[in-house]
Amino acid sequence: MLWNLYIENIAVAKQLDIEFNDGFTVLTGQTGAGKSIIIDSLLLLCGAKNGRELIRTGEERAYVSAIFHTSDSEKMRLEALGYSPDENGEIQVSRQINSDGRSVAKIGKRSVPLSALKEISQILINIQTQTERSAFADKSTYVSLIDMFADSAEELREYSEHYSVLTEVRGKIDELKSAMKERDIMLDILRYQKKEIESAKLTADDEEERLIRLRNKLKSAERVSKYAGVVTKALAYSEKGATVVYLLERAEAALTQLSDVVEGADEMIAKLSNFRYEVIDIAEQIKDAFDDEILENPAEKLTQIESRLSLIERLEKKYGATIPEIKAKRAEIAARIADLEEGDIKLTELERELSAIKEKAAQAAAKLSAKRSSAAAKLADEIAGSLKFLDMPKVRFKISVVPVREKTGEPVFKADGCDDVDFLISVNVGEEMQSLGKVSSGGELSRITLAIKTALAEKNDSGTLVFDEIDAGVSGGTSERIGIMLDRLGKNAQVISVTHSPQIASIASTHFLISKREIDGRTESSVREITGDERTAEIARIIGGISVTEKQTAAAQEMLNKNVNNFN
């Protein structure tokens, strides 16, 4: 149940702090006193978008916080979502709205997205606004309502698993059929691409890097040929003219002839020998750095390398940024060719698989439909009974559960089953039953909504039910009957109703008065629980309007006395 609601700077409410009771609670007050503030604040906590327009004039921010007591089942479901109540079973939900449009939502002390508020609010609270009551005229909501009443979660889960596989297989078939429509053209394209890659004969993954390095050498070939040749010929390898090595050998030989007359000749000979070996070594290094193959026809070799690099670059633009990626693309193309060449076989296999999963889905859908049909009759009887109690004595109400089929007789598989579910109603004698969506009277829709909520009360996911002006468009006698049903709902759940009806207000076990007053030149709303004479006076005001007579006060007291005797 909703235990505490704190509101700050919402519309004319500067600061409200309300502690709710269990059972049936009403909120009343004059028009403009701020009753809608309670509903708007709760909607913010349920994840309603924006809310900037609700900020009190002149304030930078608004804040709403609620504390809920949770039941064991609610606690388990909240924990499954990752939001655990505290050791007392309480959980706090809050939201701050800033004037720049930004908002901060929290569950406990943890900041969360608005989607999280929407998720947990489905467990904690159900708010019936006039807008949401109109949603009961939307046929698409009826399947979930009948499933809630039927407790068909297990059957729906089984069907959904088959439906998921069915959808996946259908997608594969559609994709394959689409590809096969242009299969010959596609095969020609893919085979050309495969041949283009294979003709390049890409082997080494680092071929491109090696070719780039060789290209750089070849671009320097002319300079290398000129100067490297000068170095090697001058030092050691020349068929014409004396080289440095030759001259050193001559000098060494001549000095040997003088070794007996020149002091230190042997040391000089050794040095000349070392010089000769060093010169030979330098010449060898230069010769090895630029082999004859590179220096032979460098222009031709450069043309070949540029052509190869151009081919690789062209393939990279079409099939991948690197040689390994091009190879991977070739494997992918080969696999697609194989798929297309075996398309007929694969299509037959997929269609056989689809047929099998359709059979399983149809069986699961039939079980789901049977459970819905069984529950539909019971739910329709309960709703019809409630509507008759709510001053619709001639009403006929039926829930239609019809399996939908193709012209071929095959079930129409949808995400929620194969059924067309409709709520049919006839309000007056002689009228044909029509879809609830065609009911135009606001008063009738209010009563139908309450009847459905009452029938689903034991199945309801939320411990707190909030009704905003459920009495709109109905007479006083009918309002009293609505109040009686709200009180009955309050035996199994916390019920909070914003109302203008004295009959409903007099039945509730708890009564809050919303009023406004001027403080320091500003209007402020306040909320407080009223009892005794104060409650009598408020109900008399609702009956009488501006001027309250003694008879109206007496009538209000009579209502309260009767309801105390009947409902408490």
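Structure's up top.
Asker: Help me out: how do you make sense of the overall build of the protein chain in this one?
Answerer: Counting its secondary structure elements, the protein chain contains 20 helices and 15 strands. Oriented by its inertia axes, the alpha-carbon framework of the protein chain measures out at about 155 × 70 × 40 Å. A burial count over the protein chain gives 43% of its 568 residues as buried. In the protein chain, once contacts between residues fewer than 6 apart in sequence are set aside, the share between residues at least 24 apart is 72%. For the protein chain, the separation between the mean place of its 78 positive charges and that of its 95 negative charges on side chains is 4 Å.

Asker: I would appreciate a short explanation of the pairing of strand E6 (residues 103–107) in the present structure.
Answerer: Sheet analysis places strand E5 (residues 90–98) next to E6, joined by 5 bridges and oriented antiparallel. Paired with Ser94 across the two strands is Lys106, which belongs to E6. Joining the antiparallel neighbours E5 and E6 is a turn of 4 residues, in which Gly101 adopts a positive phi near 95 degrees. In terms of strand pairing, E6 meets strand E7 (residues 110–112) through 3 bridges, oriented antiparallel. When the sheet's bridge partners are listed, Lys106 is paired in E7 with Ser111. The turn linking E6 back onto E7 is made up of 2 residues, and Gly108 within it adopts a positive phi angle of 65 degrees.

Asker: Sorry, what's going on with the environment of Glu19 here?
Answerer: Tracing the backbone shows Glu19 in strand E2 (residues 13–19). For Glu19, a relative accessible area of 48% puts it in the partly exposed group. A C-alpha to C-alpha distance of 51 Å links Glu19 and Gln363, two positions 344 residues apart in sequence. Among all residues touching Glu19, those that are not within four sequence positions of it are Trp3, Asn4 and Phe512.

Asker: Looking at this model, I keep getting lost on the nonpolar core. Mind explaining?
Answerer: Most often, soluble globular proteins keep nonpolar side chains buried together rather than apart. Core analysis: the biggest nonpolar cluster contains 44 residues, and Leu5, Ile7, Ile10, Ile38, Leu42, Phe68 and Ile107 have the highest contact counts within it. Ranked by the residues each element gives to this core, the list is headed by helix H1 (residues 35–45), at 6 residues. Those residues within four positions of Ile10 in sequence are excluded, and the remaining contacts are Ile37, Ser41, Leu44, Leu54, Arg56, Ala62 and Val64.

Asker: Even after reading the chapter, I still don't get the sheet that holds strand E11 (residues 434–435), so can you show me in this structure?
Answerer: Spatial strand order, E9-E10-E11: 3 strands in an open sheet with antiparallel pairing. Either end of the sheet is taken by a strand with one partner, and the two such strands are strand E9 (396–403) and E11. On the sheet, helix H5 (residues 142–150) packs against E9 and strand E10 (419–426) and is oriented at approximately 90 degrees with respect to E10. Together, E9 and E10 form the strand contacts of helix H15 (residues 343–389), whose direction differs from that of E9 by roughly 170 degrees.

Asker: Before we go on, may I ask you to explain unusual backbone geometry in this structure?
Answerer: A negative phi angle is the norm for most residues apart from glycine, just as the trans form is the norm for most peptide bonds. The backbone phi angle of Ala11 is positive, close to 55 degrees, even though this residue is not glycine. Residue position: Ala11 is located in the loop between strand E1 (2–10) and E2. For Asp151, which is not glycine, the phi torsion reads 55 degrees and is therefore positive. Position of Asp151 relative to the elements: it lies in the loop between H5 and helix H6 (153–181).

Asker: In this structure, what is going on with the packing of aromatic side chains? I would like to understand it.
Answerer: A ring pair, where both rings are aromatic, is described by two values, the distance of the centres and the angle of the planes. The full count for this structure, using the stated rule, is 5 aromatic pairs. Here a set of aromatic residues connected by ring pairs shows up, and it is made of Tyr142, Phe397 and Phe423. For the cation-ring pair, Arg276 lies above Tyr277, with the distance from its terminal atom to the ring centre recorded as 4.7 Å. Geometry around Phe389 places Arg488 over its ring, the cationic atom sitting 4.7 Å from the centre.

Asker: I'm lost on H6 in this one. Help?
Answerer: Every α-helical turn comprises 3.6 residues, leaving residues that sit three or four positions apart pointing alike. Compared with an ideal rise of 1.5 Å per residue, which puts 29 residues at 42 Å, H6 spans 41 Å between its outermost C-alpha atoms and is within 8% of the ideal. Those residues of H6 that sit buried are Glu155, Tyr159, His162, Leu166, Val169, Ile173, Leu176 and Met180. Considering only its buried residues, H6 is in contact with helix H7 (183–199) and H15.

Asker: It is not clear to me how the packing of helix H13 (residues 298–319) against helix H14 (residues 323–341) should be interpreted in this structure. Could you clarify?
Answerer: For any two helices packed against each other, the geometry is given by the interaxial angle and the distance between the axes. Packing of H13 against H14 brings their axes to within 9 Å, and their N-to-C directions diverge by 55 degrees. For the element pair H13 / H14, the angle class is oblique. Handedness of the crossing formed by H13 with H14: left-handed. Counted together, Ile312, Leu315, Glu316 and Tyr319 of H13 and Ile323, Glu325, Ile326, Lys329 and Ile333 of H14 form the full contact between these two elements. Among the residues forming the contact of H13 with H14, the class breakdown is 6 nonpolar, no polar and 3 charged.

Asker: Explain H7 to me, please; I cannot follow it from the model alone.
Answerer: The end-to-end C-alpha separation of H7 is 24 Å, in line with the 24 Å expected for 17 residues at 1.5 Å each. Taken residue by residue, H7 has Leu187, Leu190, Glu196 and Ile197 as its buried positions. Packing partners of the buried residues in H7 comprise H13 and H14. Where H7 ends, the next residue or the one after it, Lys201, has phi of about 50 degrees, a positive value.

Asker: Explain the environment of Ala375 here, please?
Answerer: Assignment of secondary structure puts Ala375 in helix H15. Under the relative-accessibility criterion, Ala375 is labelled buried at 10%. Leaving out residues up to four positions away in the same chain, Ala375 has contacts with Ile146, Phe149 and Ala150.

Asker: What is the right way to read the pattern of salt bridges from this model?
Answerer: Once their charged atoms are close, side chains differing in charge can pair, the charge on each being opposite to the other. Counted under the stated rule, the structure contains 29 salt bridges. Among the ionic pairs, Glu168 bridges to Lys172, the shortest N-O distance being 3.9 Å. Of this pair, Glu168 and Lys172 both sit in helix H6, 4 residues apart, roughly one helical turn. Of the charged contacts in the structure, one is a salt bridge between Lys194 and Glu198, with a shortest N-O distance of 3.0 Å. Within this pair, Lys194 and its partner Glu198 are both found in helix H7, separated by 4 residues, close to a single helical turn. With relative accessibility at 22%, the residue Lys194 sits in the partly exposed group.

Reading the values: the criteria
Residues numbered from 1 in each chain as written. Predicted model: local features only at pLDDT ≥ 70, side-chain atom pairs only at ≥ 80, totals over all residues. Heavy atoms only, no water. Helix = DSSP H or I, 4+ residues; strand = E, 2+ residues; numbered from the N terminus. Buried < 20%, exposed > 50% of the residue type's maximum accessible area, 1.4 Å probe, protein only. Contact = heavy atoms within 4.5 Å. Lys, Arg positive; Asp, Glu negative; His and termini not counted. Charge placed at Lys NZ, Arg CZ, Asp CG, Glu CD. Pairing = 2+ DSSP bridges. Core = buried A, V, L, I, M, F, W, Y, C linked by side-chain atoms within 4.5 Å. Axes fitted to C-alpha atoms, helices over the stretch in contact; angles between N-to-C directions. Phe/Tyr/Trp six-rings, centres within 6.5 Å; stacked < 30°, edge-to-face > 60°. Lys NZ or Arg CZ within 6 Å of the ring centre and 35° of its normal. Expected span 1.5 Å × (residues − 1). Parallel < 35°, antiparallel > 145°, perpendicular 65-115°, else oblique. Left-handed = near helix turned anticlockwise from the far one by under 90°. Nonpolar A, V, L, I, M, F, W, Y, C, P; charged D, E, K, R; others polar. Salt bridge = Lys/Arg side-chain N within 4 Å of Asp/Glu carboxyl O.

Shape descriptors only; they carry no functional weight alone.
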